[in-house]
Amino acid sequence: MRNAPTILHLDMDAFFASAEQASKPSLRGKAVVVGGLGPRGVVATASYEARVFGVHSAMPMAQARRLAPNAAYLVPRGGFYRSISEQVMELLHELSPLVEPLSLDEAFVDLEAGDTAWDEASARLAGIRLRADIRAVTGLTGSVGLAASKMLAKIASEQAKPDGLVVIEPGTERALLAPMSVRTLPGVGPATGDHLRRAGMSTVDDLAEAGEDELVRLLGKAHGHALYAMALARDERPVVSDRETKSVSVEDTYDVDIHDRGRVGTEVQRLADRCVRRLRGAGLSGRTIVLKVRRYDFSTLTRSETLRGPTDDPAVVREAAARLLEAVDTTGGVRLLGVGVSGLADYTQEDLFAQAAGELAALEPLEEAEREAVEEREAPAERHWTTGHDVRHADFGHGWVQGSGLGRVTVRFETPYSEHPGRVRTFRTEDPALEPADPLPLVAAPPRRPGRPEEGSVDQVSSVPASLPKSWSGNGGGGATSRP
């Protein structure tokens, strides 16, 4: 582990919710929850105002509504969040060629590799400048942690939240970690945490005191060795700029359990086609087809089949997924289905299992059919307005959907640049003057080179005192007090 705190971890503050608040003046300072709004929807992000009521990420949306009935509930705008993420990642790449994105709103940066920082003072200044640049370009805030390793930098950014910067000074790492929960360490999820607690280990200091042999006995050789090293503040993992894609997958959760076997088969075929489109879009192929089924009782089954060579043929993936489905009992009902491809390669090989008819199936007709289905859903008589998404009215200008139903849609007309909350008006869903619109940038004219503040001009900048206390989709596990 290096001696200087030149590993930076950036975590944007309540990213999705903050982006929505920044784009909608009427929601600023209010509880905002972003996620799936259906009966089985899950919270993606909650604003800090919503967290006061106990709402948090991964919580069932129905529970969130009970805790915060007056919050604003919005459907995610993926493209909007990605555009902001690209701006942030561009700023990170100005600091160093070694940037390791973990998600849209989180990344590690090796400042030393970019010759941006070489000691504590230069690292701190780089962090201050980065936070100022992010605010100037996106209008949002991010929290920054600086340390000599990835593990400690992430812990520092957690302690910096919201909208702060924390530096873990070399030599203080062991004292810092000692009182923290074992769940703070990477790789310690709920199950491992409970296992350690039952063995009498609830803090990082408990792990260090137990010793390496005891941890190996409890957790196995690989996990035990790694956990003991982390308990001693040792983390040699480098910042990796290009993280290899290991699999490509898609899945859907259904509001009502699917009981009809034919419908289940149809859904698996549709997911297989979507998976292939994503696979081809990344210029990849794969050998192993994976089927995921979550049944009515929440039991999850995963089945896989490995082909003789890599493929990106939709017919082959569909056929393999159908064969896998034959071995799964779906009698009681299905709440989630997924199809994935792993064992990826950047080339394809003629598949000996493909039938002549299947080989005629091409991606373009599938995409055309999907496009026609979307157009059909969006025909004037069937227009659907998604809560939180942008619209434009011929007379009233830009706004966003506050709600819809019973043939009516309610719109609040405001933009990120409005000084006051906008007015609300209701229209017929088929009103020809109302059209979907693209999101507006959060900053009207972002400067090409944001101003650089002096080091003392940013608040919430501190060093951590020694006494400081805290597959298919989803993020890795974090500490119980994590505040993303």
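What counts, and where the lines are drawn
- Residues numbered from 1 in each chain as written.
- Predicted model: local features only at pLDDT ≥ 70, side-chain atom pairs only at ≥ 80, totals over all residues.
- Heavy atoms only, no water.
- Helix = DSSP H or I, 4+ residues; strand = E, 2+ residues; numbered from the N terminus.
- Buried < 20%, exposed > 50% of the residue type's maximum accessible area, 1.4 Å probe, protein only.
- Areas by Shrake-Rupley, 256 points an atom, 1.4 Å probe, with all protein chains shown as cover.
- Pairing = 2+ DSSP bridges.
- Patch = residues over 30% accessible without salt bridge, like charges linked within 9 Å, V, L, I, M, F, W, Y side chains within 5 Å.
- Salt bridge = Lys/Arg side-chain N within 4 Å of Asp/Glu carboxyl O.
- Axes fitted to C-alpha atoms, helices over the stretch in contact; angles between N-to-C directions.
- Parallel < 35°, antiparallel > 145°, perpendicular 65-115°, else oblique.
- Contact = heavy atoms within 4.5 Å.
- Nonpolar A, V, L, I, M, F, W, Y, C, P; charged D, E, K, R; others polar.
- Core = buried A, V, L, I, M, F, W, Y, C linked by side-chain atoms within 4.5 Å.
- Phe/Tyr/Trp six-rings, centres within 6.5 Å; stacked < 30°, edge-to-face > 60°.
- Lys NZ or Arg CZ within 6 Å of the ring centre and 35° of its normal.

Chemist: Hey, could you go over the overall build of the protein chain for me, with residue numbers and the actual values?
Modeler: Looking only at helices and strands, the protein chain features 15 helices and 18 strands. Per-residue burial for the protein chain yields a buried fraction of 47% across its 484 residues. Per element, the accessible surface of the protein chain, about 23400 Å² overall, is 50% carbon and sulfur.

Chemist: Can you explain the pairing of strand S2 (residues 32–35)? Please cite residues and give values.
Modeler: Burial along S2 is two-sided: Val32 and Val34 and Val33 and Gly35, pointing in opposite directions, are all buried. By the bridge criterion, 3 bridges tie S2 to strand S4 (residues 72–74) in an arrangement that is parallel. Pairing of Val32 across the sheet is with Ala72, part of S4. Two strands pair when backbone bridges link them, and S2 and strand S3 (residues 43–46) are joined in this way by 3 bridges, in the antiparallel orientation. Opposite Val33, over in S3, you have Ala46 as the bridge partner.

Chemist: Now, about a nonpolar patch on the surface: what can you tell me, with residues and values included?
Modeler: A contiguous nonpolar surface patch, about 300 Å² in accessible area, is contributed by Val52, Phe53 and Leu67. Tracing the backbone through its elements, the reader meets Phe53 in the loop between helix H2 (48–51) and helix H3 (61–67). Classification of Phe53 by relative accessible area gives partly exposed; the value is 46%.

Chemist: Describe in detail the sheet that holds strand S13 (residues 390–393), supporting the description with residues and values.
Modeler: Strand order across the open sheet formed by 5 strands is S16-S15-S14-S13-S17, with antiparallel pairing between neighbours. At either end of the open sheet lies a strand with only one pairing partner, and these are strand S16 (423–428) and strand S17 (434–436). Pairwise comparison of adjacent strand axes, ignoring direction, gives a mean angle of 40° for this sheet. Taken together, the 6 bridges between strand S15 (residues 408–413) and S16 define a ladder with antiparallel strand orientation. Each bridged residue has a counterpart across the sheet, and for Thr410 the counterpart in S16 is Thr426.

Chemist: I'd love a proper account of helix H1 (residues 15–23), names of residues and values included.
Modeler: Counting buried positions along H1 gives 9 out of 9 residues, so the element sits mostly inside the fold. Among all positions in H1, only Phe15, Phe16, Ala17, Ser18, Ala19, Glu20, Gln21, Ala22 and Ser23 are buried.

Chemist: Give me the lowdown on the pattern of salt bridges, citing residues and values where you can.
Modeler: Here the structure, examined in full by the defined rule, presents 22 salt bridges. As a salt-bridge pair, Arg280 and Asp312 come within 3.5 Å of each other at their nearest N and O atoms. With Arg280 in helix H12 (residues 261–281) and Asp312 in the loop between strand S11 (300–311) and helix H13 (314–326), this residue pair connects regions lying 32 residues apart in the sequence. When its relative accessible area of 30% is taken as the criterion, Arg280 is described as partly exposed. A salt bridge links Arg428 to Glu430, with the nearest nitrogen and oxygen atoms 3.3 Å apart. Residue class for Arg428 comes out partly exposed when judged on its relative accessible area of 39%. Each of Asp252, Arg263, Glu267, Arg270 and Arg274 takes part in one network of salt bridges that share partners.

Chemist: Could you give me a rundown of the packing of H1 against helix H4 (residues 78–95), with the residues and numbers involved?
Modeler: Two elements in contact, H1 and H4, have axes separated by 11 Å at closest approach and are oriented at 100°. Relative to H4, H1 is oriented roughly perpendicular. Of the residues in H4, those touching H1 at Phe15, Phe16, Ala19, Glu20 and Ser23 are Phe80, Tyr81, Ile84 and Ser85. In terms of residue class, the contact of H1 with H4 is built from 6 nonpolar, 2 polar and 1 charged.

Chemist: Can you break down the environment of Arg318 residue by residue, with the values?
Modeler: Counting through the fold element by element, Arg318 comes out in helix H13. On the accessibility criterion, Arg318 (16% relative accessible area) is buried.

Chemist: Go over the nonpolar core with me, naming the residues and quoting the values.
Modeler: Looking at soluble globular proteins, one finds that nonpolar side chains tend to be buried together. Among the nonpolar cores identified, the biggest contains 39 residues, and Leu8, Leu10, Leu92, Leu111, Leu130, Leu140 and Leu146 are the most heavily contacted of them. Broken down by element, the residue count for this core peaks at 8 residues, all from H4. With residues up to four places along the chain from it excluded, the contact list for Leu140 reads Met12, Phe15, Ser18, Ala19, Ala22, Ile84, Ile134, Arg135 and Leu442. Core analysis: the next-biggest nonpolar cluster, separate from the first, contains 32 residues, Phe108, Met151, Leu185 and Leu219 among them.

Chemist: For the sheet that holds S4, give the residues involved together with the corresponding values.
Modeler: Here 3 strands make up an open sheet; going across it, the order is S3-S2-S4 and the pairing mixed. A single partner strand is all that each edge strand has here, and the edge strands are S3 and S4. Direction aside, neighbouring strands of the sheet carry axes that sit 25° apart on average. Set on the sheet, H1 makes contact with S2, S3 and S4; between it and S2 the angle comes to about 120°.

Chemist: Before we move on, could you go through the packing of aromatic side chains and cite the residues and values that matter?
Modeler: On inspection of all chains with the given rule, the structure shows 7 aromatic pairs. Relative to Tyr81, the ring of Phe15 has its centre 6.2 Å away and its plane inclined at 55°; by these criteria the two rings are tilted. A residue pair is termed long-range when its members are at least 10 positions apart, and Phe15 in helix H1 and Tyr81 in helix H4 qualify at 66 residues. You'll find Phe15 and Tyr81 in the same group, each marked buried. An angle of 10° between the planes, with centres 4.2 Å apart, marks the rings of Phe16 and Tyr81 as stacked. With a gap of 65 residues between them, Phe16 in helix H1 and Tyr81 in helix H4 connect regions that are remote in the sequence. Taken as a pair, Phe16 and Tyr81 share a single burial class, namely buried. Put simply, the rings of Phe15, Phe16, Phe80 and Tyr81 pair up and form one aromatic cluster. The residue whose ring lies beneath Lys24 is Trp400, and the NZ or CZ to ring-centre distance is 5.2 Å. When the ring centre of Phe80 is taken as reference, the NZ or CZ atom of Arg77 above it lies at 4.2 Å.

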